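Chain residues, written in single-letter form:
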Amino acid sequence: MKELIDKLYKNTVLSKQEYKYLIENFNPEISEYLFEKSREVRHRYYGHDIYIRGLIEFTNYCKNDCYYCGIRCSNRNAQRYRLSKDDILSCCKEGYELGFRTFVLQGGEDNYFTDDKMTDIISEMKNNYPDCAVTLSIGEKSRESYERFFNAGADRYLLRHETANNEHYSKLHPDKLSPINRKRCLRDLKEIGYQVGCGFMVGSPFQTAENLAEDMIFLKEFRPHMVGIGPFIAQHDTPFRDMPNGTLELTLFMLGLIRLTLPYVLLPSTTALGTIHPLGREKGILAGANVIMPNLSPVSVRKKYMLYDNKICTGDEAAECKNCLQSRMRSIGYNVVTSRGDCKQSAISN
Ligand code: SAM
Ligand code: FES
């Protein structure tokens, strides 16, 4: 197995079978070997810097019905909310003062936020904070909509591909959602000029080692600027309520593999990872991640954006979240920096 990690470290392409073999057979010793290499590569590109993104969860209305997700439209128990433009701008103000230079607008697919409303919000954010990056994470849209948001000033877009395997995709989503359209969106976003993030849940229901190997091949081919991964965590009001959660060990192993496969990539250590283990986010950084995404949403709505059970940091003010994460990062030898934190690979071709 070490030979396969060495191959990746030297930037040699692995086959699907090789990834699958690693994923099926990894153990604590091989994980540690992988993390030594993935940390080294991360330090080569990003030193000991940690980039922070201010996450603004601005709506939990969603027209989709993804089987895993706590804010799916069929969940009658979800208490729905939307933030106004003013609410969003005051999150940015608070975030800016705390040193955030990237704001991530994330939400369900909510038709209330028309393209006109979104472009208005994006332009105002960019006018008020021209030195900040605006990242969108609002799901599948037409190419025209993506172009409008880009022209209004949006810099980046996060859209997890969820799984590269079409059959697996159909086990996680109703028929209305198609993996072909999801990948079309990702291609359009990259062609338009966004810095693009894709990603998947680790341990999602019905996922096999082969599926994860297919995800790795997809990442290598698509070459995103960012990759968001975190463990699947069951939510009690969804059809997957009784499914087992993804594990810390496999999520960390996948983070290490992603860092070696895409050395320059922006790789968050996610809240979901911090939810399944008290030191999950620190361990994610030590496995090769370089981004964290503290929450800037008003505390009054935090508990309502419950994608999965027991989500952490739902009671803390933005400043507390930032300070807590800053000291957690310091404790493992890393520094949170005030910077847009762009991807170091400037010339990722389309
Ligand atoms: N609506 C946008 C979209 O579809 O990209 C953004 C919001 S969506 C809630 C963001 C991500 O949350 C999804 O891509 C999914 O991977 C993750 N997610 C949803 N439910 C989850 C769960 N139960 N456990 C872990 N992650 C989950
Ligand atoms: Fe729409 Fe989860 S089902 S955000």
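To be clear, the structure that these remarks concern was listed above.
Bear in mind the structure is a predicted one, so any value in this text is a computation, not a measurement.

Q: Sorry if this is basic, but what is going on with the overall build of the protein here?
A: Within the protein one finds 14 helices and 9 strands. Whereas a compact globule of 350 residues would reach a radius of gyration of roughly 20 Å, the protein reaches 19 Å, a difference of no more than 12%. Along the three orthogonal principal directions, the C-alpha set of the protein runs to about 55 × 45 × 40 Å. Looking at the protein as a whole, 59% of its 350 residues qualify as buried. Once local pairs closer than 6 in sequence are excluded, the contacts in the protein between residues at least 24 apart make up 76%. In the form shown here, the protein has an accessible surface area of approximately 13900 Å², with 48% of it arising from carbon and sulfur atoms. Separation of charge centres in the protein, based on 47 positive and 44 negative side chains, amounts to 2 Å.

Q: Help me out: how do you make sense of unusual backbone geometry in this one?
A: A positive phi angle, near 65°, is found at Asn11, a position not held by glycine. Position of Asn11 among the secondary structure elements: in the loop between helix 1 (2-9) and helix 2 (16-25). Assessed through its relative accessible area of 44%, Asn11 is described here as partly exposed. The phi angle at Glu162 is positive, at roughly 75°, despite the residue not being glycine. Its place among the elements puts Glu162 in the loop between strand 5 (156-158) and helix 7 (166-172).

Q: Whenever I open this one, the environment of Gly139 confuses me. Can you help?
A: With respect to the helices, strands and loops of the structure, Gly139 is situated in the loop between strand 4 (133-137) and helix 6 (143-152). Residues Gly139 and Asn64 lie 75 residues apart in sequence; the distance between their C-alpha atoms is 9.7 Å. Not counting residues up to four positions away in its chain, the partners in contact with Gly139 are Glu109, Tyr146, Tyr157 and Leu159.

Q: What should I look at first to understand the pairing of strand 6 (residues 195-202) in this one?
A: Looking along a regular strand, one sees the side chains alternate between the two faces of the sheet. For strand 6, the tally of buried residues reaches 8 of 8 residues, placing the bulk of the element in the interior. The pairing of strand 6 with strand 7 (residues 226-231) spans 6 bridges and is classified as parallel. Looking across to strand 7, one finds that Met201 is bridged to Gly230.

Q: What is the right way to read helix 6 from this model?
A: Because an α-helix packs 3.6 residues into every turn, residues spaced three or four apart end up facing the same way. The set of residues buried in helix 6 consists of Ser145, Tyr146, Phe149 and Ala152. Down the axis of helix 6, the smallest arc covering the buried residues is 125°, so these residues share one side. Along helix 6, the residues that are exposed and aim more than 90 degrees away from the buried face are Glu144 and Asn151. If you follow the buried residues of helix 6, they end up packed against helix 5 (115-128), strand 4, strand 5 and helix 8 (179-192). Immediately beyond the C-terminal end of helix 6, within one or two residues, lies Gly153, with a positive phi of roughly 125°.

Q: Which parts of the structure should I look at to understand the sheet that holds strand 6?
A: Strand pairing in a sheet takes place through backbone hydrogen bonds and is either antiparallel or parallel in direction. What the 6 strands build is an open sheet, ordered 2-3-4-5-6-7; its pairing is parallel. Two strands lie at the open edges of the sheet, namely strand 2 (54-59) and strand 7, each paired on one side alone. If you compare each strand with its neighbour and ignore which way they point, the axes differ by 20° on average. Lying on the sheet, helix 10 (residues 248-261) is in contact with strand 6 and strand 7; it crosses strand 7 at an angle near 165°.

Rules and cut-offs
- Residues numbered from 1 in each chain as written.
- Chains lettered and ligands numbered in written order.
- Predicted model: local features only at pLDDT ≥ 70, side-chain atom pairs only at ≥ 80, totals over all residues.
- Heavy atoms only, no water.
- Helix = DSSP H or I, 4+ residues; strand = E, 2+ residues; numbered from the N terminus.
- Rg over C-alpha atoms; globule rule 2.2 N^0.38 Å.
- Buried < 20%, exposed > 50% of the residue type's maximum accessible area, 1.4 Å probe, protein only.
- Contact = heavy atoms within 4.5 Å.
- Areas by Shrake-Rupley, 256 points an atom, 1.4 Å probe, with all protein chains shown as cover.
- Lys, Arg positive; Asp, Glu negative; His and termini not counted.
- Charge placed at Lys NZ, Arg CZ, Asp CG, Glu CD.
- Pairing = 2+ DSSP bridges.
- Arc of directions from axis to C-beta.
- Axes fitted to C-alpha atoms, helices over the stretch in contact; angles between N-to-C directions.

Honestly, it's all geometry; don't read function into it.
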